[in-house]
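# Structure at a glance
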Amino acid sequence: MENFASLLHGFGVALTTYHVALMVVGVLLGILVGVLPGLGAPNGVSLLLPLTFTMDPVSAIILLTSMYWGALFGGSTTSILFNIPGEPSSVATTFDGYPMAKQGNAAEALTLAFLSAGFGALVGVILITVLSGWVAKFALRFSSPEYFAVYFLAFASFVGLGGTSPFKTVVSMGLGFAFAAVGMDTVSGGLRLTFGLNELLSGISFLIAVIGLFGIGELMLTMEEGLRFDGIRARVRLRDVVRTIGTMPRYWVALLRSSVIGCWMGITPGGPTAASFMSYGLAKRLSRRKEAFGKGEPEGVVAPETADHAAGSSAILPMLALGVPGSATAAVMMGGLMIWGLNPGPMLFIERPDFVWGLIASMYLGNMVAVLVVLTTIPLFASILRIPFAIIGPIIVIVCFIGAYTVAGRSFDLWLALAFGLAGYLFKKLDYPIAPLVLAMVLGDKAEDAFRQSMIMSKGSLSIFWSNGLVATLISLGLVLAFWPLLSMVLARLTRPKTTSATA
Amino acid sequence: MIKKTSWLVATALTVVFGAAAQADWKPAKPVEFIVTSSPGGGTDNFARMVQSIIAKHKLMEQSVVVTNKGGGSGAEGFVYTKVAAGDPHKLTFGTNNAYLLPYVAKLAYKPSELTPVAAMALDEFVLWVNGNSPYKDAKSFIEAAKAKPETLKIGGSQSKDTDQTLTSLIEEATGTKFIYVPFQGGGAAGVQLAGGHIDGNTNNPNENAGQWKAGAVTPLCVFSPTRLQGGAKVTATMGWSDIPTCKEAGIPIEQFQMPRTVWLPGGVPQEAAEFYADLLKKVSETPEWKEYIERTSQTNRFLAGEELKRFIAEDDVKTSKVFEREGWIVR
Amino acid sequence: MISRFQAEIATALMTAGLGLTAVAGALEFGVGWGDAGPDAGAFPFYIGLLIIAASIGTLFQAATGRQALQSVFLDREQAKRLGAFFIPILFFVPTALLLGLYVATALYLTFVMWMQGGYRLIVSAASGLAAAVIFYIVLEIAFQVPLLKGPLEAALGIY
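Residues numbered from 1 in each chain as written. Chains lettered and ligands numbered in written order. Predicted model: local features only at pLDDT ≥ 70, side-chain atom pairs only at ≥ 80, totals over all residues. Heavy atoms only, no water.

## Digging into the side chain of E146 of chain A
All names here are of chain A. Tracing the sequence through the fold places E146 in helix α7 (residues 144-158). Buried and unpaired, E146 has R141 as its nearest opposite-charge partner, separated by 7.3 Å. Excluding anything up to four places from it in sequence, E146 contacts R141, N468, L470, V471 and L474. (Helix = DSSP H or I, 4+ residues; strand = E, 2+ residues; numbered from the N terminus. Buried < 20%, exposed > 50% of the residue type's maximum accessible area, 1.4 Å probe, protein only. Lys, Arg positive; Asp, Glu negative; His and termini not counted. Salt bridge = Lys/Arg side-chain N within 4 Å of Asp/Glu carboxyl O. Contact = heavy atoms within 4.5 Å.)

## Remarks on the interface of chain B and chain A
Across the boundary between the two partners, chain B contributes 40 residues, which contact 34 residues of chain A. A buried area of about 3,000 Å², summed over both sides, lies between chain B and chain A, and 60% of it is on carbon and sulfur atoms. Among the residues chain B hides against chain A, the three largest losses belong to V191, H197 and K213 of chain B. Together they make up 15% of the total. Summed over the shared surface of chain B and chain A, the number is one salt bridge. R410 of chain A is the salt-bridge partner of E76 of chain B, the closest N and O atoms lying 2.5 Å from each other. Counting across the interface, chain B meets chain A through 12 residue pairs in polar contact (both at pLDDT 80 or more). Breaking the side of chain B that touches chain A down by element, the ones donating at least two residues are α3 (75-83), β7 (179-183), α7 (186-194) and α8 (205-213) of chain B. (Buried area = accessible area lost by both parts, 1.4 Å probe. Polar contact = N/O pair within 3.5 Å; in protein donor to acceptor, adjacent residues only side chain to side chain.)

## Points about the domain arrangement of chain C
Segmenting chain C into domains produces domain 1 (2-74) and domain 2 (76-156). One C-alpha centre belongs to domain 1 of chain C, the other to domain 2 of chain C; they are set 37 Å apart. (Domains from an automatic or database assignment.)

## Side note on the sheet that holds strand β11 (residues 299-304) of chain B
All names here are of chain B. Taken in spatial order, the six strands of this open sheet run β2-β1-β3-β10-β4-β11, and their pairing is mixed. Of all the strands in the sheet, the pair left with one neighbour each is β2 (64-68) and β11. The sheet shows a mean angle of 20° between the axes of neighbouring strands, direction not considered. Alignment of strand β3 (residues 90-94) against strand β10 (residues 258-265), held across three bridges, turns out to be antiparallel. When the bridges of β10 are listed, T92 appears paired with W263. Strands in contact with helix α2 (residues 42-57) are β1 (31-35), β2, β3, β4 (114-123) and β10; relative to β1, the strand with the most contacts, it is inclined by about 160°. Across the sheet, α3 lies against β1, β3, β4 and β10, angled at about 155° from β3, the strand it touches most. (Pairing = 2+ DSSP bridges. Axes fitted to C-alpha atoms, helices over the stretch in contact; angles between N-to-C directions.)

## As for the nonpolar core
F95, I360, F401 and V438 of chain A are the most contacted members of the largest nonpolar core, which totals 224 residues. With 17 residues, the single largest contributor to this core is helix α17 (residues 353-382) of chain A. In this structure, V31, M60, F275 and F302 of chain B belong to the second largest nonpolar core, which totals 34 residues. (Core = buried A, V, L, I, M, F, W, Y, C linked by side-chain atoms within 4.5 Å.)

## Some points on the pairing of strand β5 (residues 126-130) of chain B
All names here are of chain B. A large share of β5 lies buried, amounting to five of its five residues. In this sheet, strand β9 (residues 217-222) lies alongside β5 in antiparallel orientation, the contact comprising five bridges. If you follow V126 over to β9, its bridge partner there is V222. Direction of pairing for β5 relative to strand β8 (residues 200-201): antiparallel, over a ladder of two bridges. The residue of β8 that forms the bridge with V129 is G200.

## A closer look at the state of the cysteines
Residues and elements named next belong to chain B. One pass over the full model with this rule turns up one disulfide over all chains. Disulfide partner of C221: C246, at an S-S distance of 2.1 Å. On the sign convention where negative means left-handed, the S-S torsion of about 80° between C221 and C246 marks this disulfide as right-handed. Here C221, found in strand β9, pairs with C246, found in helix α9 (residues 246-249); they are 25 residues apart in sequence, far enough to count as distant. Like C221, the residue C246 is buried in the burial classification. (Disulfide = S-S within 2.5 Å.)

## Observations concerning unusual backbone geometry
Most of the time, phi is negative for any residue but glycine, and the peptide bond is trans. Phi at D431 of chain A takes a positive value of approximately 65°, unusual for a residue other than glycine. Mapped onto the secondary structure, D431 of chain A falls in the loop between α19 (412-429) and α20 (435-458). With a phi angle near 55°, K160 of chain B is a residue other than glycine that sits in the positive phi range. Within the fold, K160 of chain B resides in the loop between β6 (153-157) and α6 (162-174). On the basis of relative accessibility, which here comes to 22%, the residue K160 of chain B falls in the partly exposed class.

## Observations regarding the packing of helix α6 (residues 106-140) of chain A against helix α13 (residues 299-314) of chain A
Residues and elements named next belong to chain A. The geometry of α6 relative to α13 is characterised by a closest axis approach of 7 Å and an angle of 35° between their N-to-C directions. Remark: the crossing between α6 and α13 carries right-handed chirality. Residue-level contacts link A109, L112, A113, S116, A117, F119, G120, A121, G124, V125, L127 and I128 of α6 to V301, V302, E305, T306, H309, A310, S313 and S314 of α13. Tallied by class, the residues present in the contact of α6 with α13 amount to 12 nonpolar, seven polar and one charged. (Left-handed = near helix turned anticlockwise from the far one by under 90°. Nonpolar A, V, L, I, M, F, W, Y, C, P; charged D, E, K, R; others polar.)

## Comments concerning the packing of helix α12 (residues 271-286) of chain A against α13 of chain A
Residues and elements named next belong to chain A. Packing of α12 against α13 leaves a shortest axis separation of 8 Å and a crossing angle of 150°. Looking at the two axes, α12 sits roughly antiparallel to α13. For α12 against α13, the interelement crossing comes out right-handed. From α12, G271, P272, A275, S276, S279, Y280 and A283 reach across to α13, where they touch E299, G300, A303, P304, A307, D308, A311 and G312. (Parallel < 35°, antiparallel > 145°, perpendicular 65-115°, else oblique.)

## Focus: helix α11 (residues 287-295) of chain B
Residue and element names in this part refer to chain B. Among all positions in α11, only E288, W289, Y292 and I293 are buried. Viewed end-on, α11 has its buried residues packed into an arc of 140°, placing them on one side of the element. Facing away from the buried side of α11 by more than 90 degrees, the exposed set consists of P287 and E294. Here the buried face of α11 lies against α2, β4, β10, α10 (270-284) and β11. In the segment just after α11, S297 is the residue with positive phi, at about 50°. (Arc of directions from axis to C-beta.)

## Considering the side chain of S55 of chain C
Within the secondary structure, S55 of chain C is located in helix α2 (residues 42-64). Overall, S55 of chain C belongs to the buried group, its relative accessible area being 0%. A distance of 3.4 Å separates a polar atom in the side chain of S55 of chain C from the backbone nitrogen of A16 of chain C. Residues contacting S55 of chain C, with those up to four places away along its chain left out, are V171 of chain A together with A12, T15 and A16 of chain C.

## Looking at the pattern of salt bridges
Using the criterion set out here, one finds 32 salt bridges over all chains in the structure. Here D413 of chain A ties to R410 of chain A by a salt bridge, and the two come within 3.5 Å at their closest N and O atoms. The same class applies to D413 of chain A and to R410 of chain A, which are both buried. E61 of chain B serves as the salt-bridge partner of K26 of chain B, at 3.5 Å between the closest nitrogen and oxygen. Taken together, the residues K26 of chain B in the loop between α1 (2-20) and β1 and E61 of chain B in the loop between α2 and β2 connect sequence positions 35 residues apart. Overlapping salt bridges bring together K168 and D431 of chain A together with R4 and E8 of chain C as one network.

## Here's the deal with the UniProt feature "transmembrane region" (unreviewed entry) in chain C
Here, the residues flagged by UniProt with the feature "transmembrane region" (unreviewed entry) are residues 42-63, 84-109 and 121-139 of chain C. Taken end to end, residues 121-139 of chain C is 100% helix and 0% strand, and its first and last C-alpha atoms sit 27 Å apart. (UniProt positions renumbered as here; feature names shortened; annotations may be inferred.)

Below you can see the structure in the form of structure tokens.
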């Protein structure tokens, strides 16, 4: 109950005209950097940071977090409209969002994405309001074996989705792992698979792979078919947006399930990317319309977006309480906290409750403001698709390459993006699933690090993965999910005679 | 070794001749600050602090662009600097990794291919244990490690980097053996210690300050010749200056500190190096810099020119001895 | 004309090659399982082997199911369209490396709009130039994100 009192006080702090104006400005700027090539939330944050030094910390963090929400929404927009995910966590949104846009349902896809993202974020914030103390303590129980178990769980719930050829799924995932291994190895402190090339020192960036595989690869397919965007003639009116809002309750199961997954992955340090993939994987497995996934199924947009934002917002609390940033954006924000004279850590809650609860209150308000603002921009964004393809096509290509360059300012990445583009085209045409490659690239080296750290701790004994209740539960859950197709087959065979005898 | 002496001779010569030259060089275009860590890292905070002070006090006419090149533990940034030989508009920010990295990994640059400009601060290392652990001082911790060799776990940032070097030094000085667990960064090592998953870490004061305040971790000793500055109490009973030096506490290590260094590419005019050394000296005299040093509990020490070269040479010899003993050196 | 069978074989050989590269690169670091768990090379080594094995599996599937794979992977008409799109991109990258991203952007957009979009040359060139300028203003001036620049920018005194 104490938390609610603090929260009400927080609302009192956050709900002033000045702060709401800051939220709108922040969200608009965030959408801008989220949609623009090569820019992301970190750019926006580092641009705003100097401005915020003259503000009081509460106003400053409201501005920065609102910009962060805006950038997340902007990232989903490009995923759906152009198949170019702005952030790793919006990759799963492309699976069904882009097909929907291609079929002329861009407005519907965007509306669903924004609303479910807002819903997920809200659930995440409610969770940290109610359980703030517990969440911070719970996160402390995670060490390397538990991290590994969480990553394993994310893989297990997603694996086997391809469905075409198991060999091709394995090739795709294996390549993802191999790409993730390139560069500096944390555990041994040595360089791996760089073959003496300076360009590979810092590894192969996940974003380059995504820009190539999704952005350029997809354009090649579109061009080859001689297709144009089918969305061209689909006029978008605000009425379509309103109508889609009405369909939201239909997805309540997916919304709730994805929120739970998102919150869980946000608190355990699995992160938003793992959350969105896991949520998509489970949504597909549990759906009655499995075949429709990947071809423009609305639930395939709702599930990853909800989980992504639920994880993103619930992860902010461990960050503040533990002082460990979960992403580049969070890192820059934490740098800001220190410059404002605030030390992230367990004491922040006790020393500066006005700041913490002002922030949490601003997460409620900021998300609502963000959803309202982005919904009104949908007709604007969807109308981009009406630009003739001879203009928008090459501009998307340019956007892809500018984005590839700005990831790290390396010219080599332009070639890499081109190579990934070719690979994406080939893979897509030959029915290699691309998603496992992406997931392996994001989580591969983290999972490997966690595994090897665990082995150092246990002196090479695998028993560490059953050494306490938490890690044992996670690993067992992962194993069940991984072998679910096999298990369900066995179960079906075992139960069938019984049911027939019962009916007989 | 021959390479090293010839480098020292060469730099000594340039200093002699450079001193005669007029220090009237000025940057002609925006200066790029190359940060050899990812955003949010210690080096990143350092470089952005310098940038904001230069901007605030208008210490330079040209603007500053900061780029992060933290790949390969910072090697990416140093290789980038090497390739930019002769370009005096690229200033690279690092630690002692600038001259230590090439020992442990096969890299396409040599320290002699960079021009040292200044060291602006020395970051301290503290031995920490979990707040609820039975060890109240360094002695009891070392005793416990001696009683059960290779069971106590010390966490740190990265592998074959400062934390693991220090762990190795402690092992040598006290005849103990720990299990060293490398994490992504000091922050992660701090959380692992607070959660009781490891037994100790050697984090910088700044990395553990928050957890200490909350009582989740306890400092045992600091690897510095003198105690830390800073009077205010952090917890109810202790402040930074109440942490004994490790020598006092019974670990015979005189000093282990990490310099925050600034470099130029090789082959730049001597006047350029002097210009930046002078600029950074001005930065280090501002109140904002002092505030940053105090907040992060580092030691304020500005080194440039001969003094810097001597410091680097000493640190290089001392650390490479550890690398040699541990067999980390790649050839 | 390329048949699906040929494309399958070529792709599987390529992935097997990548697997082989990973194995070769990993051997440098030891692939055993020591006291401290797996060595640095172990993970890439086994992943590499897995990729090779799965690629061979794909090859085998393609070989046994050859009849079913006689369908057309890429016909002449498709190849033409694909080439029209891909070849300009292939030129875009070296142009960007040589002349900078802004000049490459202007040239590429001009070329594609003019040759493929059927716009007048003057309209295409103006659009190309406008796009480059807009990108410059947004990225370099508003957000201070430096892009790759070439001799033209240097001559104009833009850094």
